[in-house]
Amino acid sequence: MLNFLLFIFINMLLIFIIYNFFIKRRSDLRKKRKYIKYFMYIFYFSFSYILFIGIISATFYFLIPVFFLVLFLVCYKSEKRRLINGTLFNLFLTSTIIYLFLIYFETKDPFIYLILVGMLTIVSIILSSGLYFLLFFLLWNARQVKKKENTSLSNSLTLILSILIIILGSIYSLVYLGLPIWLAVIFGMFILIGLYFCIIFYNFLTISIIYQCNNPIYNQDYIIVLGSGLIDGDKISKLLSNRIEKAIEFYQQQKDINNKSLKLIMSGGQGVDELIPEAEAMKSYAIQIGIPSEDIIIEDQSTTTEENLLFSKNIIEIHSESKSYNAIFTTNNYHVFRASLFAKKVGLNADGIGAKTAFYFLPNAILREYVAILLLKKKQHTVVLALISLIMLVLSFLSFFWFQ
């Protein structure tokens, strides 16, 4: 009990210091949703308590998750726009879970016991019914997208994924268990390949979520708004209006907080089915909301996200006369991390902030982003898949003779 009271006192002191010397001084952080702040406090309290128990019990297992946490924080601080950051954070989570089991067997601490019970309950639910829930959700989402969007390959990814799950599940249930060992090994190759893509997806999703917490300070000189196509050749879509409004929200907040003006760069060229460049339509939309025309710059030559950022960077460098500047970009929340990778690629030192996206649209959009992320590293993934296939084919060949 004395140890627990000591822990509470130390944590209250640290939270007081963090709030008064970091959060309270950052008006932009105080404007964030309260539940994010409370979640951070709960996470900090729980993790620090777990480490505290490890220290007073004279075990040093806690050094493993601490190592991965420090490694993640250092890498993320030095460069947010890297996929490896998601892997490092998941290594931290995995090592923390292993540490929880080890420290519980050492101390029998009741608080750690409650955490483990909660985790095991969630895992049990996922293992028992998670796949059925996922399948139901994918089919429901495919139906929603079909009702509200046009039918295309990019809008049918959840339907395609649900069909693949049904086919693979049926093959496993009806065929796999009765296959000879050598053929089962070949089938297992496809399971391993699927597992590999699941791990890549989980790492991508992790860093995408973490990157949503990006919180640029209100001292920007430029906000780049990425285009996303027009409706009927000249009308702003809901996705694009959300991007513009997110930029305007930041624009107005910065003026309210420190009275510093900035320029909005509307970036988007003219597609073959569009009557005017996207940038022109975006500028008109912003002016209607109340943004002065002199605070808007248009970039009307780009046709891809990479060109959006590259051409906007060129405009900024000309406009700023090669002086230092601060810039961010806005896009939809599902797209913000991949866009940040392109910003890094073209040498633009800018982070992104994400606008809201309709919930029904997110699953397809996230899967589309995932496929695009895979294609960015297709050579690397091809090598890994070739190694998995080679190893499993060799094992299948050997098992054909061993189990005759």
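Residues numbered from 1 in each chain as written. Predicted model: local features only at pLDDT ≥ 70, side-chain atom pairs only at ≥ 80, totals over all residues. Heavy atoms only, no water.

1. Things to note about the packing of helix α4 (residues 63-78) against helix α5 (residues 84-107)
Now for step 1: Relative orientation of the contacting elements α4 and α5 amounts to 165 degrees, with a least axis distance of 8 Å. One way to sum up the angle between α4 and α5 is to call them roughly antiparallel. Here α4 and α5 pass one another in a crossing that is left-handed. Residue-level contacts link I64, P65, F68, L69, L71, F72, C75 and Y76 of α4 to N85, L88, F89, L91, F92, S95, T96 and Y99 of α5.
Now for step 2: Residue composition of the contact of α4 with α5, grouped by class: 13 nonpolar, 3 polar and no charged. (Axes fitted to C-alpha atoms, helices over the stretch in contact; angles between N-to-C directions. Helix = DSSP H or I, 4+ residues; strand = E, 2+ residues; numbered from the N terminus. Parallel < 35°, antiparallel > 145°, perpendicular 65-115°, else oblique. Left-handed = near helix turned anticlockwise from the far one by under 90°. Contact = heavy atoms within 4.5 Å. Nonpolar A, V, L, I, M, F, W, Y, C, P; charged D, E, K, R; others polar.)

2. Some details on helix α9 (residues 238-258)
Within an α-helix, residues lying three or four positions from one another point in the same direction, as the helix has 3.6 residues per turn.
Now for step 1: Taking 1.5 Å per residue as the helical rise, α9 with its 21 residues ought to reach 30 Å, and the 30 Å between its terminal C-alpha atoms agrees with that figure.
Now for step 2: One or two residues past the end of α9 sits N259, with phi positive at roughly 55 degrees. (Expected span 1.5 Å × (residues − 1).)

3. Regarding the side chain of R338
Now for step 1: Tracing the backbone shows R338 in helix α12 (residues 336-345).
Now for step 2: What makes R338 buried here is its relative accessible area of 15%.
Now for step 3: Within polar-contact distance, the side chain of R338 engages the side chain of E369 at 2.8 Å.
Now for step 4: Each residue touching R338, except ones within four places of it in the same chain, is listed here: E369, A372 and I373. (Buried < 20%, exposed > 50% of the residue type's maximum accessible area, 1.4 Å probe, protein only. Polar contact = N/O pair within 3.5 Å; in protein donor to acceptor, adjacent residues only side chain to side chain.)

4. Describing the layout of surface pockets
In this approach a probe as big as a water molecule rolls over the atoms, and the regions it shows empty are the leftover space.
Now for step 1: For the second largest pocket, the calculated volume is near 2000 Å³.
Now for step 2: In terms of lining, the second largest pocket is formed by 40 residues, of which the most central are L131, L134, L161, I165 and C198.
Now for step 3: At the level of elements, α6 (110-148), α7 (157-174), α8 (181-211) and α13 (362-376) are the ones that each hand at least two residues to the lining of the second largest pocket.
Now for step 4: Looking at side-chain class alone, the lining of the second largest pocket contains 34 nonpolar, 6 polar and no charged residues. (1 Å grid on protein atoms, 1.4 Å probe; cavity = no way out; pocket = protein on both sides within 12 Å on 5 of 7 lines; lining within 4 Å. Points joined across faces, edges and corners; volume = space filled by probe spheres on them.)

5. Notes on unusual backbone geometry
Now for step 1: Here D232, not a glycine, exhibits a phi torsion of approximately 55 degrees, which is positive.
Now for step 2: With respect to the helices and strands, the residue D232 is situated in the loop between β2 (230-231) and β3 (235-236).
Now for step 3: Residue D232 is classed as exposed on the basis of its relative accessible area, which comes to 59%.
Now for step 4: The phi dihedral of N259 is positive, around 55 degrees, even though this residue is not glycine.
Now for step 5: On the secondary structure map, N259 appears in the loop between α9 and β4 (263-267).
Now for step 6: N259 sits in the exposed class, given a relative accessible area of 63%.

6. Structural notes on the pairing of strand β7 (residues 350-355)
Now for step 1: As defined by bridge partners, strand β6 (residues 327-332) adjoins β7 across 6 bridges and the pair is classed as parallel. Bridged to I328 within β7 is D351.
Now for step 2: Regarding topology, α12 serves as the crossover connection from β6 to the parallel β7, and that connection is right-handed. (Pairing = 2+ DSSP bridges. Right-handed = clockwise from strand over helix to strand, strands pointing away.)

7. Thoughts on the environment of V185
Now for step 1: In this structure, V185 sits in helix α8.
Now for step 2: With a relative accessible area of 18%, V185 lands in the buried category.
Now for step 3: When the C-alpha atoms of V185 and V394 are compared, they prove to be 9.6 Å apart, with 209 residues separating the residues in sequence.
Now for step 4: Here V185 is in contact with M392, L395, S396 and S399, once residues within four sequence places are set aside.

8. Describing the confidence of the model for the chain
Now for step 1: Looking at the chain as a whole, the pLDDT averages 82, with 84% of positions reaching at least 70.
Now for step 2: Considering only residues more than four positions removed or in separate chains, one finds that residues 1-10, a stretch of pLDDT under 50, has 9 contacts.
Now for step 3: Segment residues 15-32: pLDDT under 50, and 24 contacts once partners within four positions in sequence are set aside and those in other chains are kept. (pLDDT = per-residue confidence, 0-100.)

9. Side note on the nonpolar core
Now for step 1: If you look at the biggest cluster of nonpolar residues, it comprises 40 residues, and the most contacted ones within it are I224, L309, F329 and L348.
Now for step 2: Here the element with the most residues in this core is α8; it accounts for 9 residues.
Now for step 3: If we ignore the near neighbours within four places in the chain, the residues touching L309 are L226, F329, A339, F342, A343, V346 and L348.
Now for step 4: Among the nonpolar cores identified, the runner-up in size contains 22 residues, and L240, A247, Y251 and L264 belong to it. (Core = buried A, V, L, I, M, F, W, Y, C linked by side-chain atoms within 4.5 Å.)

10. Considerations on the pairing of β6
Now for step 1: With respect to burial, β6 is a largely interior element, 6 of its 6 residues being buried.
Now for step 2: Two strands pair when backbone bridges link them, and strand β1 (residues 222-226) and β6 are joined in this way by 4 bridges, in the parallel orientation. The partner of I223 across the bridge, within β6, is I328.

11. As for the side chain of T357
Now for step 1: Mapped onto the elements of the fold, T357 is located in the loop between β7 and α13.
Now for step 2: Side-chain polar atoms of T357 contact the side chain of N333, separated by 2.8 Å.
Now for step 3: When residues no more than four places from it in sequence are discounted, the contact partners of T357 are L239, N332, N333, Y334 and L362.

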